[in-house]
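# Structural overview
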Amino acid sequence: MSELNRARLAQLLREAEGYLELGLAEHALATLRRVEHAGTFRGQVNYLRGEALRSLERYEEAVEPLETAAELSPSNVHVSLALGWCLKRVGRLGRAIEILELALQTEAGDDERALVTYNLACYLSLAGQKDRALAQLAKAFALNDRYKMLAHSEADFDPIRSDPEFQSLASIIV
């Protein structure tokens, strides 16, 4: 890829990212359609395409580009989270759990690890895997206790909310 093409591609990717930040997912998709040869940026192009589709709540369509991005960038936690989000919403909860478990095996900072762990706890709760959900939730709280506040209103924990272990774990000490 020539230096001119690389610069043009980088410009298009920045433009698409900007549109996503502004909540203009359709514009981001239009920008990404102008990418002819992504080359080594194929993972990023697919991630941005998936994120745009996810923003538009077109979860089923978002899965394919996000899976491609995950294959090309297996250590990108943001890709894993986006893919898990979409898989959950299209009824592929088991696959969403697998994706987040793989994400926990990558090098990530504490904030990213806490977010992945919390989301994994959510998905495990929905899957009826109470013990695993509680174990992951405890890990998320240990990494970042702000998740205790979120857990109280998180609908994904409804299946285990009345469980004494959940109540004990999620209790807030004032």
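Residues numbered from 1 in each chain as written. Predicted model: local features only at pLDDT ≥ 70, side-chain atom pairs only at ≥ 80, totals over all residues. Heavy atoms only, no water.

Turning to helix H7 (residues 110-126), a few remarks are in order. Given a rise of 1.5 Å per residue, 17 residues ought to cover 24 Å, and the 24 Å separating the end C-alpha atoms of H7 matches this to within 8%. For H7, the complete set of buried residues consists of Ala114, Val116, Thr117, Tyr118, Asn119, Leu120, Ala121, Cys122, Tyr123, Leu124 and Ser125. Contact partners of the buried residues in H7: helix H5 (77-89), helix H6 (93-103), helix H8 (130-143) and helix H9 (147-153). (Helix = DSSP H or I, 4+ residues; strand = E, 2+ residues; numbered from the N terminus. Expected span 1.5 Å × (residues − 1). Buried < 20%, exposed > 50% of the residue type's maximum accessible area, 1.4 Å probe, protein only. Contact = heavy atoms within 4.5 Å.)

Evaluated as defined, the whole model comprises twelve salt bridges. Residues Glu61 and Arg58 are paired through a salt bridge, measuring 2.9 Å at the closest nitrogen-oxygen approach. Residue class for Glu61 comes out partly exposed when judged on its relative accessible area of 44%. When salt bridges that share partners are traced, they join Lys130, Asp131, Asp163 and Glu165 into one network. (Salt bridge = Lys/Arg side-chain N within 4 Å of Asp/Glu carboxyl O.)

What follows is about the packing of helix H3 (residues 42-55) against helix H4 (residues 59-72). It is at 8 Å that the axes of H3 and H4 come closest, and there the two elements cross at 155°. For the element pair H3 / H4, the angle class is roughly antiparallel. Between H3 and H4 lies a crossing of left-handed hand. When H3 is examined against H4, the residues Arg42, Gly43, Asn46, Tyr47, Arg49, Gly50, Glu51, Leu53 and Arg54 are found in contact with a partner set consisting of Tyr59, Glu61, Ala62, Pro65, Leu66, Thr68, Ala69 and Leu72. Its residues assigned to classes, the contact of H3 with H4 comprises eight nonpolar, four polar and five charged. (Axes fitted to C-alpha atoms, helices over the stretch in contact; angles between N-to-C directions. Parallel < 35°, antiparallel > 145°, perpendicular 65-115°, else oblique. Left-handed = near helix turned anticlockwise from the far one by under 90°. Nonpolar A, V, L, I, M, F, W, Y, C, P; charged D, E, K, R; others polar.)

Here we come to the nonpolar core. The biggest cluster of nonpolar side chains holds 53 residues, and the ones touching the most others in it are Tyr118, Phe157 and Phe166. The contacts of Phe166, once residues within four sequence positions are left out, are Leu134, Leu137, Ala151, Phe157, Ile160 and Arg161. (Core = buried A, V, L, I, M, F, W, Y, C linked by side-chain atoms within 4.5 Å.)

The next point concerns the packing of H6 against H7. Axis angle and axis distance: for two packed helices, these are the angle between their axes and the distance between the axes, and together they describe the pair. Relative orientation of the contacting elements H6 and H7 amounts to 155°, with a least axis distance of 10 Å. Accordingly, the angle class assigned to the pair H6 and H7 is roughly antiparallel. Here the hand of the crossing between H6 and H7 comes out left-handed. From H6, Leu93, Ala96, Ile97, Leu100, Glu101 and Ala103 reach across to H7, where they touch Val116, Asn119, Leu120, Tyr123, Leu124 and Leu126. A class-by-class count of the residues in the contact of H6 with H7 yields ten nonpolar, one polar and one charged.

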